[in-house]
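Read off the chains here:
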Amino acid sequence: MEWLDNILDFKLIDLKAFKLTVTNLLILLVVFVLAKLLIRSIELLIKKRLAKKKVIDEGRSTSITQIFKYIIYLLTVFIAIESLGIDISIIFGVFAALGLGIGFALQDVFKDLISGIIILFEGNVSPGDILEVEGLIGVVKKINLRTSLIRTRDGVYIVIPNSKVVNEKVINWSTNTKITRFHVAVGVAYGSDIEKVRTLLVSAAQSNEMVANRPTPMVFFKDFGDSSLNFELHFWLMDTWQTELVKSDLRFEIDKLFRENNISIPFPQRDVHLIQK
């Protein structure tokens, strides 16, 4: 195996050059403390710059800070290695040789790492955004280099590989627009007063405080069904996180209004013909 021979040929650490003294330890401590202070300063600077531009976006601030944080940590590790007298070029050579052998085994890991860098630099997804991935809806709590942490409506934290966010179909409800349209479907019995149905549906939407007044709610007559006349109530929301709650409240209100106005919601009906022999 050529890649294994390449690794064995490397002299990892020159013991004569490697010096672990009290001075080196103090240098390492100072380097990591300075890195922490530098990261903290960058966080404050980014927040101040965004505040001056009147861009109040915690997600964007966190993503930019995360990028600088990884760069600073990487430089800090290189400086620490050099201070111990270790030749960085040798380490790079070892990683290059290892990459030939384990590249295929870790290709998914590398794919997630590259995807994490893409997410952080593009800024299409940020902490605080509401994502829908494969029917699962949740708030992005943290974006790391390899994975993203998402909190669902049930309060469950789920770790999703960054490659799934980059390569698959993902809906970001937070970046579409400030206001998003949803709908509730309902069927009424044949013979119902459809103009009254329209009025009651609009009234149900307008009575909900979470539904936006502009654009105004609209009712669409979708189709003549087998057992019902099918309608859809379309409405707009500012807070997409409350979508399911608003839909539920609207269904409660629609059922109440229909009962008060003698509008019936039919159940599927079938005619059964019995043939006697």
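Check the entry above for the structure.
The sections below set out a description of the structure shown in this document. (Residues numbered from 1 in each chain as written. Predicted model: local features only at pLDDT ≥ 70, side-chain atom pairs only at ≥ 80, totals over all residues. Heavy atoms only, no water.)

1. So, the overall build of the protein
Right, so step 1: For the protein, the helix and strand inventory stands at eight helices and eight strands.
Right, so step 2: Across the 277 residues that make up the protein, the buried fraction comes to 34%.
Right, so step 3: Here the analysis covers contacts within the protein between residues at least 6 apart in sequence; of these, 66% occur between residues at least 24 apart.
Right, so step 4: Within the structure as shown, the protein displays about 18,500 Å² of accessible surface, and the carbon and sulfur contribution to it stands at 60%. (Helix = DSSP H or I, 4+ residues; strand = E, 2+ residues; numbered from the N terminus. Buried < 20%, exposed > 50% of the residue type's maximum accessible area, 1.4 Å probe, protein only. Contact = heavy atoms within 4.5 Å. Areas by Shrake-Rupley, 256 points an atom, 1.4 Å probe, with all protein chains shown as cover.)

2. Here's the deal with the side chain of Asp-129
Right, so step 1: Here Asp-129 is to be found in the loop between α5 (107–122) and β1 (130–133).
Right, so step 2: Among the polar contacts listed, one links the side chain of Asp-129 to the backbone nitrogen of Ser-126, at a separation of 2.9 Å.
Right, so step 3: There is a polar contact of 3.1 Å between the side chain of Asp-129 and the side chain of Asn-172. (Polar contact = N/O pair within 3.5 Å; in protein donor to acceptor, adjacent residues only side chain to side chain.)

3. Overview of the sheet that holds strand β6 (residues 180–188)
Right, so step 1: Spatially, three strands are ordered β6-β8-β7 in an open sheet, and the strand pairing comes out antiparallel. Bordering the open sheet on either side are β6 and β7 (218–224), each of which pairs with just one other strand. Pairs of neighbouring strands in the sheet enclose a mean axial angle of 25°, with direction left out of account.
Right, so step 2: Bridge count for β6 against strand β8 (residues 229–237) is nine bridges, and the pairing is antiparallel. Across the sheet, the residue bridging to Val-184 is Leu-233, located in β8.
Right, so step 3: The strands touched by helix α7 (residues 194–206) are β6, β7 and β8; relative to β8, the strand with the most contacts, the crossing angle is about 25°. (Pairing = 2+ DSSP bridges. Axes fitted to C-alpha atoms, helices over the stretch in contact; angles between N-to-C directions.)

4. Structural notes on the nonpolar core
Right, so step 1: If you look at the biggest cluster of nonpolar residues, it comprises 27 residues, and the most contacted ones within it are Leu-201, Phe-231, Leu-233, Phe-235, Ile-254 and Phe-258.
Right, so step 2: Looking at this core, the elements that each hand over two or more residues are β2 (136–143), β6, α7, β8 and α8 (243–260).
Right, so step 3: Examining the composition of this core, we find that six residues originate from one element, α7, more than from any other.
Right, so step 4: Residues contacting Phe-235, with those up to four places away along its chain left out, are Thr-180, Arg-181, Phe-182, His-183, Val-184, Val-211, Val-246, Lys-247 and Leu-250.
Right, so step 5: Val-125, Val-133, Ile-143 and Val-165 belong to the second largest nonpolar core, which has 11 residues in total. (Core = buried A, V, L, I, M, F, W, Y, C linked by side-chain atoms within 4.5 Å.)

5. Topic: the packing of α7 against α8
Right, so step 1: Interaxial distance between α7 and α8 falls to 9 Å at its minimum, and their mutual angle equals 140°. Taken together, the axes of α7 and α8 lie oblique to each other. Crossing hand, α7 versus α8: right-handed. Residues Val-197, Leu-200, Leu-201, Ser-203, Ala-204 and Ala-205 of α7 form the contact with α8, whose own contacting residues are Leu-250, Glu-253, Ile-254, Leu-257 and Phe-258. (Parallel < 35°, antiparallel > 145°, perpendicular 65-115°, else oblique. Left-handed = near helix turned anticlockwise from the far one by under 90°.)

6. Examining the environment of Phe-121
Right, so step 1: Looking at where Phe-121 falls in the secondary structure, it is placed in helix α5.
Right, so step 2: Counting along the chain gives 54 residues from Phe-121 to Ile-67, while the straight-line C-alpha distance between them is 7.5 Å.

7. Some remarks on α7
Right, so step 1: Relative to the 18 Å expected for 13 residues at 1.5 Å per residue, α7 spans 18 Å between its end C-alpha atoms, a close match to the ideal helical length.
Right, so step 2: Residues of α7 that are buried include every one of Val-197, Leu-200, Leu-201, Val-202, Ala-204 and Ala-205, and no others.
Right, so step 3: On its buried face, α7 sits against β6, β7, β8 and α8. (Expected span 1.5 Å × (residues − 1).)

8. Things to note about the pairing of strand β3 (residues 147–152)
Right, so step 1: Here five bridges tie β2 to β3, and the two strands are oriented antiparallel to one another. Looking at β3, one finds that Ile-143 is bridged to Ser-148.
Right, so step 2: Between β3 and strand β4 (residues 157–161), which pair antiparallel one after the other, the connecting turn spans four residues, and Gly-155 there sits at a positive phi close to 80°.

9. Points about the pairing of β2
Right, so step 1: The sheet contact formed by β1 and β2 spans four bridges and is antiparallel. Note on β2: the bridge partner recorded for Glu-132 is Ile-137.
Right, so step 2: Taken together, β1 and the strand that follows it, β2, pair antiparallel across an intervening segment of two residues, in which Glu-134 is found at a positive phi of about 55°.
Right, so step 3: In sequence, β2 turns back onto β3 through a hairpin of three residues.

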